[in-house]
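Observations on the model geometry
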Amino acid sequence: MNSLEQPMVKTGFKLACATLIATLIVSLGVIGTVMAQTPATVPAPASKAADPARILVKVDGATITEADLALAAEDLGGGPEAQNREALIGYMIDLRMGAKAALDNKAGDSEDFKRRMAHQRDKLLLEDYLATEAHKAVNPAAIAKLYDETIKSLPPEQEVRARHILVETEDQAKAVLERLNKGEDFAKLSAELSKDPGSGPQGGDLGWFTKERMVPEFAEAAFKLEPGKLSVPVKTQFGWHVLKVEEKRAHQPPKLEDVRDQIAQYLERKAQQDIILGLRAKAKIERLDQPAAEKEAPKKP
């Protein structure tokens, strides 16, 4: 990223993807902590080749299988690759031994433990239900439909391809402009004089960009110029610039294949939201922690 680009702004097709996805998700609200913690998809099996039921270890008679190892990988935030496999097996051995010791000590008999077990069961049931049902909403036709609708709704936007030479003072910028007006090559002068370490060696070429990608003063000057024209010196927080616009064109939206995964994730999250809202609409929810709403006083005739 060159020094002129606004902080935290994505470049190239990633910017276009970000614009598209931002448009897609603008209507999504937050459905509480449960939704925030619910995975968008069902976790993939540890390995397609491994038999989930294959027993790897026995600990005092209790088995540890490939499926257990996949769950351990989820717990520890890693996959069951060879370099992690021994750590996962060690984790599961400790888990089996510790669980047995806790049961022997009747740790599972307390009301607090039963309450936490019930909570974890509800959470897992919800996660599995949401993932399974929401997955049904994601298909090629739905993805293509949402993509087409979103692309049609995006406002037309222009982008330019420009070069610049960055120097420290206005006098230096004026001197650069004078040399350019006398016919010196822009790319060679940029390589010689520009303080921008990103674009300077590339002849000052900044590539294609939309207006919001650049700092305001620079963007304003660039989008006013006609192709082939030079700007007067422009001051920004980085120094003084002399610009040359090479080309202008209509901004190209991302291709479907470039954003297919993001759209699928949006559709899945949206389906999860709709499921939760539907369940809430049907449920009888009584808030006993809040005072009952006062009955509206009858209106006087």
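Since the structure is predicted, the reported quantities are computational estimates derived from the model, not experimental observations. Going along each chain's sequence as written, the residues are numbered from 1 onward. Confidence filtering applies because this is a predicted model: local features only for residues at pLDDT of at least 70, side-chain atom pairs given and counted only at 80 or more, and all residues used for totals across whole chains, interfaces and linings. The side-chain quantities take in all heavy atoms of the structure and omit both hydrogens and water.

What to know about the sheet that holds strand β6 (residues 239-250)
Heads up, the rule is: The pairing criterion is simple: DSSP has to find at least two bridges between the two strands. Helix numbers and strand numbers start at the N terminus; a helix is a DSSP run of H or I with at least 4 residues, a strand a run of E with at least 2. The axes are straight lines fitted to the C-alpha atoms, using for helices just the contacting stretch, and the angles between their N-to-C directions are given from 0 to 180°. Contacts are assigned to residue pairs with any non-hydrogen atoms lying within 4.5 Å of each other.
Spatially, the 4 strands line up as an open sheet ordered β4-β3-β6-β5, and their pairing is antiparallel. In this open sheet, the two edge strands, each paired with only one partner strand, are β4 (205-210) and β5 (234-236). Here the strands of the sheet are splayed against their neighbours by 45 degrees on average, with no regard to which way each runs. For strand β3 (residues 158-167) and β4, the ladder comprises 4 bridges, and the chain directions are antiparallel. The residue of β4 that forms the bridge with glutamate 159 is threonine 210. With respect to the sheet, helix α7 (residues 170-181) is in contact with β3 and β6, its orientation differing from that of β6 by roughly 50 degrees.

Observations regarding the packing of aromatic side chains
Worth spelling out the cut-off: Here a pair means two rings of Phe, Tyr or Trp (six-membered ring of Trp) with centres within 6.5 Å. Their orientation is stacked below 30 degrees between planes, edge-to-face above 60, and tilted elsewhere. Think of it in three bands: residues with accessible area under 20% of the maximum for their type are buried, residues over 50% are exposed, and the middle band is partly exposed, with areas taken using a 1.4 Å probe on protein chains only. The criterion for a charge sitting over a ring is simple: Lys NZ or Arg CZ within 6 Å of the ring centre, and within 35 degrees of the ring normal.
The tally for this structure, following the rule as stated, stands at 2 aromatic pairs. Ring geometry for phenylalanine 209 against phenylalanine 218: centres 6.4 Å apart, planes inclined by 50 degrees, an arrangement best described as tilted. Across the pair, phenylalanine 218 and phenylalanine 209 agree in class, each one buried. Relative to phenylalanine 223, the ring of phenylalanine 209 has its centre 6.1 Å away and its plane inclined at 75 degrees; by these criteria the two rings are edge-to-face. Of this pair, phenylalanine 209 sits in strand β4 while phenylalanine 223 sits in helix α9 (residues 216-224), and the two are 14 residues apart along the sequence. Both residues of the pair, phenylalanine 209 and phenylalanine 223, count as buried. An aromatic cluster is defined as three or more aromatic residues linked by ring pairs; in this entry it consists of Phe209, Phe218 and Phe223. A cation sits over an aromatic face here: arginine 249 above tryptophan 208, 3.8 Å from the ring centre.

Comments concerning the pattern of salt bridges
Using the following cut-off: When a carboxyl oxygen of Asp or Glu lies within 4 Å of a side-chain nitrogen of Lys or Arg, that pair is called a salt bridge.
One pass over the full model with this rule turns up 22 salt bridges. Where glutamate 220 meets lysine 224, a salt bridge forms, and the shortest distance between an N and an O atom there is 3.9 Å. Placement of the pair is glutamate 220 and lysine 224 together in helix α9, with a separation of 4 residues, close to one helical turn. Assessed through its relative accessible area of 62%, lysine 224 is described here as exposed. Between lysine 270 and aspartate 274 there is a salt bridge, with the nearest N and O atoms lying 3.1 Å from each other. One end of the pair is lysine 270 and the other is aspartate 274, both in helix α10 (residues 256-282) and 4 residues apart, which spans about a single turn. Taking relative accessible area as the criterion, aspartate 274 reaches 38% and is therefore assigned partly exposed.

A few points about the environment of glutamine 202
Mapping glutamine 202 onto the fold places it in the loop between α8 (186-193) and β4. For glutamine 202 and lysine 188, which are 14 residues apart along the polypeptide, the C-alpha to C-alpha distance reads 9.2 Å.

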